[in-house]
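The chain contents come next:
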Amino acid sequence: MLKSNAFGATLLPGTKRKWGALAAPFAILASGEFLLGLFLLSGYIKSGISFPVDLTFFLMAVTMFLYFVRLLQSQELPKPALIPLLLFVLLIGYILFSFSYSTSYSFAIQKTSRFMLLTAWSFIGPFLLIRDKKGLERFFVGIIAVSSLMTFYCLQMFLEKLQAGQFIGQIEVLGSDYLSLGRTNGIAVIALIGLYLYNPLLRTPAKTVASLFLALTFLSVAVSGARTPLITLVGTIVLIMFLSVKVNRGKITFSKGVGTLFFIILLLAALAVPLVASGVMDTFIYRISVLFNQPGGGESAEGRVERYAVAWQMIQDHFFFGGGIGSFTIAFAHEDVSNYPHNIFLELWSELGLAGVLLFLAIFWGAVRAAAHFIAGKMTDRFTLVTVFSVVFLFLNANVSGDLNENRLLFCYVAIAWLLPYATLQERKPLELFRK
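The structure contained in this document is the topic of the report that follows. Small disclaimer: the values here were computed from a predicted structure and weren't measured.

Another point: the overall build of the protein chain. A tally of helices and strands in the protein chain yields 16 helices and three strands. For the protein chain, buried positions account for 53% of its 436 residues. Expressed as a percentage of contacts within the protein chain between residues at least 6 apart in sequence, the contacts between residues at least 24 apart total 78%. Accessible surface, the protein chain as shown: approximately 19800 Å² in total, 67% of it carbon and sulfur.

The structure is reproduced here in structure tokens:
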């Protein structure tokens, strides 16, 4: 059984050995799962970190190397990997085929190459590196680590501007934009809820530290000016709490961390009152209000509506096979540069047609199945909770911002959802979320 008597102490077996506790942090940092989490988010922080080579490609190379080291020890692949990997290879092949008739050239090459390298490894990497609950936890800790770094700089910048009496707009840290900050911290909040607040073996001191991290991470989303990540995160947390209470044959069961989560929400709500009154939340309030007060929902919303209209016209013109990878930018901007509809379905359908959408939905099936099992009570472990609700959060965001490659986090979590039935059975005694 996993040991959880200290924050993060669940990550290394053999705690009975003399040096187990001391070696645990080094084992985490050097693990392929932890580094995979860093790889996924490295694009958001590498501009603010001095590194001799491109950090993203470096971490991709390191995690690939670690897999090949494991391959020398065992040549087995997880059983659930075959179907999703085959579907993903078919999607890559179809993208390459669509390049032959795309009206885009330079952007199409850039988009295809990034999909075949960075997005592909984001999807394939979990199947090769994550084998059990220990691996899942190491991956999520990597996500939390990057988020904590971004949260520190975000709140530091926020306090500096507040003390100087400066206007607090959209906060960007370490070279990432406010949306990247919001998305990173959003999935970190969900990971903190599932891994620590809902961990029945975690003791009060460690859970208190986790609660503090959660509150600060959520606060950074709130002050960043990221409208969609904050709204979708709040909705996701409400959904988590709703599904944390079950009624069966007159008996009420509830998740073992919902009380702590509810207390944190009340604390943040109380903190929001002076923040709103002091005007430091004016940027976010304004960005919400323009959706209702300005014609077309404001400049940002109007720009999306224009893109939606162009994408819809492309769908009508090229319903089954699309206009080809990268072709949206030619239809919308009339130039071969980066542009996209800000909706992953419209992007897929306009460029790859109905065939591309169906391939994506087939790949997405693993997440749908995991969500259905969680709601039905067949898989109620906290790792399923983190994965399912991270997919929900990322999917909602993918329908209002980001292109196919910018949403590679979504592909990664969908891959983890495929792995859940395999990985969560590696522990002999599962840790259930609910109690009577």
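Now, onward.
Let's shift gears to the environment of Ala 61. Considering the arrangement of structural elements, one finds Ala 61 in helix α3 (residues 55–73). A residue is classified by how much of its surface remains accessible, and Ala 61, at 43% relative accessible area, is partly exposed.

The next thing to look at is a nonpolar patch on the surface. A cluster of nonpolar residues, Ile 49, Phe 51, Val 53, Phe 58, Leu 149, Phe 152 and Tyr 153, forms a patch on the protein surface that exposes about 590 Å² of accessible area. With three residues, the single largest contributor to the nonpolar patch is helix α6 (residues 133–164). Structurally, the position occupied by Phe 58 is in helix α3. By relative accessible area, which is 36% here, Phe 58 ends up partly exposed.

Time to look at the packing of helix α14 (residues 344–376) against helix α16 (residues 408–423). The geometry of α14 relative to α16 is characterised by a closest axis approach of 6 Å and an angle of 30° between their N-to-C directions. Taken together, α14 and α16 sit at an angle that is classed as roughly parallel. The interaxial crossing formed by α14 with α16 has left-handed handedness. Between α14 and α16, the contacting residues are Ile 344, Phe 360, Ala 362, Ile 363, Phe 364, Trp 365, Gly 366, Ala 367, Arg 369 and Ala 370 on the first element and Leu 410, Phe 411, Val 414, Ala 417, Trp 418, Leu 420 and Pro 421 on the second.

For helix α2 (residues 32–45), built from 14 residues, the straight-helix expectation of 20 Å at 1.5 Å per residue is met to within 8% by its first-to-last C-alpha distance of 19 Å. Phe 39 marks where α2 bends most, by close to 35°. Among the 14 residues in α2, twelve count as buried, and that is most of the element. Looking only at α2, the buried set comprises Gly 32, Glu 33, Phe 34, Leu 35, Leu 36, Gly 37, Phe 39, Leu 40, Leu 41, Ser 42, Tyr 44 and Ile 45.

Direction of pairing for strand β1 (residues 245–248) relative to strand β2 (residues 251–255): antiparallel, over a ladder of four bridges. Across the sheet, the residue bridging to Lys 246 is Thr 253, located in β2. Turn length for the β1-β2 hairpin, with the two strands adjacent in sequence and antiparallel, is two residues, and the turn residue Arg 249 shows positive phi of about 55°.

Criteria and thresholds
Residues numbered from 1 in each chain as written. Predicted model: local features only at pLDDT ≥ 70, side-chain atom pairs only at ≥ 80, totals over all residues. Heavy atoms only, no water. Helix = DSSP H or I, 4+ residues; strand = E, 2+ residues; numbered from the N terminus. Buried < 20%, exposed > 50% of the residue type's maximum accessible area, 1.4 Å probe, protein only. Contact = heavy atoms within 4.5 Å. Areas by Shrake-Rupley, 256 points an atom, 1.4 Å probe, with all protein chains shown as cover. Patch = residues over 30% accessible without salt bridge, like charges linked within 9 Å, V, L, I, M, F, W, Y side chains within 5 Å. Salt bridge = Lys/Arg side-chain N within 4 Å of Asp/Glu carboxyl O. Axes fitted to C-alpha atoms, helices over the stretch in contact; angles between N-to-C directions. Parallel < 35°, antiparallel > 145°, perpendicular 65-115°, else oblique. Left-handed = near helix turned anticlockwise from the far one by under 90°. Expected span 1.5 Å × (residues − 1). Bend = angle between axes of the 7 residues up to and from the residue. Pairing = 2+ DSSP bridges.

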